[in-house]
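# Per-entry structural report
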Amino acid sequence: TRALIEASAVPWATTSANLAGQPAAADAEGASAALGGVVDWVVDAGPAGGTPSSVVDARGGTLVVLREGMLGRETLEKASKTR
């Protein structure tokens, strides 16, 4: 996977593979099934581990937690007030 990212010569931003409100997929097969043709391809780097990432919408004046993951809501809200 790292070689593919480096060969692409562009930055990659990724998060857990799931549609909003659905549980994160644990592997490439699950991601492909969950995304049902919404993506062009899936990189299979083995099973996912750990806690899914937190996702926030920081547009506008208010922080909106879209998915609470490794960083809890309280931590995210405190961090947003320091900016």
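Not measured: the values here are computed from a predicted model.

Right, let's talk about the overall build of the chain for a bit. Counting its secondary structure elements, the chain contains three helices and two strands. N-terminal to C-terminal, the α/β element order of the chain is α-α-β-β-α. Since a compact globule built from 83 residues should have a radius of gyration of about 12 Å, the 15 Å found for the chain marks it as more spread out than a globular shape. With the C-alpha coordinates of the chain rotated into their principal frame, the extents come out at 35 × 30 × 25 Å. In the chain, buried positions account for 14% of the 83 residues. Considering only residue pairs separated by 6 or more positions, the chain has 22% of its internal contacts joining residues 24 or more positions apart. Split by element, the accessible area of the chain, about 6500 Å² in all, is 55% carbon and sulfur.

For residues with low pLDDT, the predicted coordinates do not support detailed interpretation. For the chain, mean pLDDT is 80; residues scoring 70 or higher make up 90% of the total. Of all the helices and strands in the chain, helix α1 (residues 2–8) carries the lowest mean pLDDT, 81, while helix α2 (residues 28–35) carries the highest, 86.

This part takes up α2. Note that an α-helix has 3.6 residues per turn; residues three or four places apart therefore point the same way. Every buried residue of α2 is accounted for by Ala28, Ala31 and Leu35. The arc that holds the buried residues of α2, viewed along the axis, is 60°, so those residues lie on one side. The outward face of α2, more than 90 degrees from its buried face, is lined by the exposed residues Glu29 and Ala33. Among the residues trailing α2, Gly36 stands out with phi positive, at a value near 40°.

Locating Glu77 in the fold gives a position in helix α3 (residues 73–81). For the pair Glu77 and Val65, spaced 12 residues apart in sequence, the C-alpha to C-alpha distance is 8.7 Å.

Definitions and limits used
- Residues numbered from 1 in each chain as written.
- Predicted model: local features only at pLDDT ≥ 70, side-chain atom pairs only at ≥ 80, totals over all residues.
- Heavy atoms only, no water.
- Helix = DSSP H or I, 4+ residues; strand = E, 2+ residues; numbered from the N terminus.
- Rg over C-alpha atoms; globule rule 2.2 N^0.38 Å.
- Buried < 20%, exposed > 50% of the residue type's maximum accessible area, 1.4 Å probe, protein only.
- Contact = heavy atoms within 4.5 Å.
- Areas by Shrake-Rupley, 256 points an atom, 1.4 Å probe, with all protein chains shown as cover.
- pLDDT = per-residue confidence, 0-100.
- Arc of directions from axis to C-beta.

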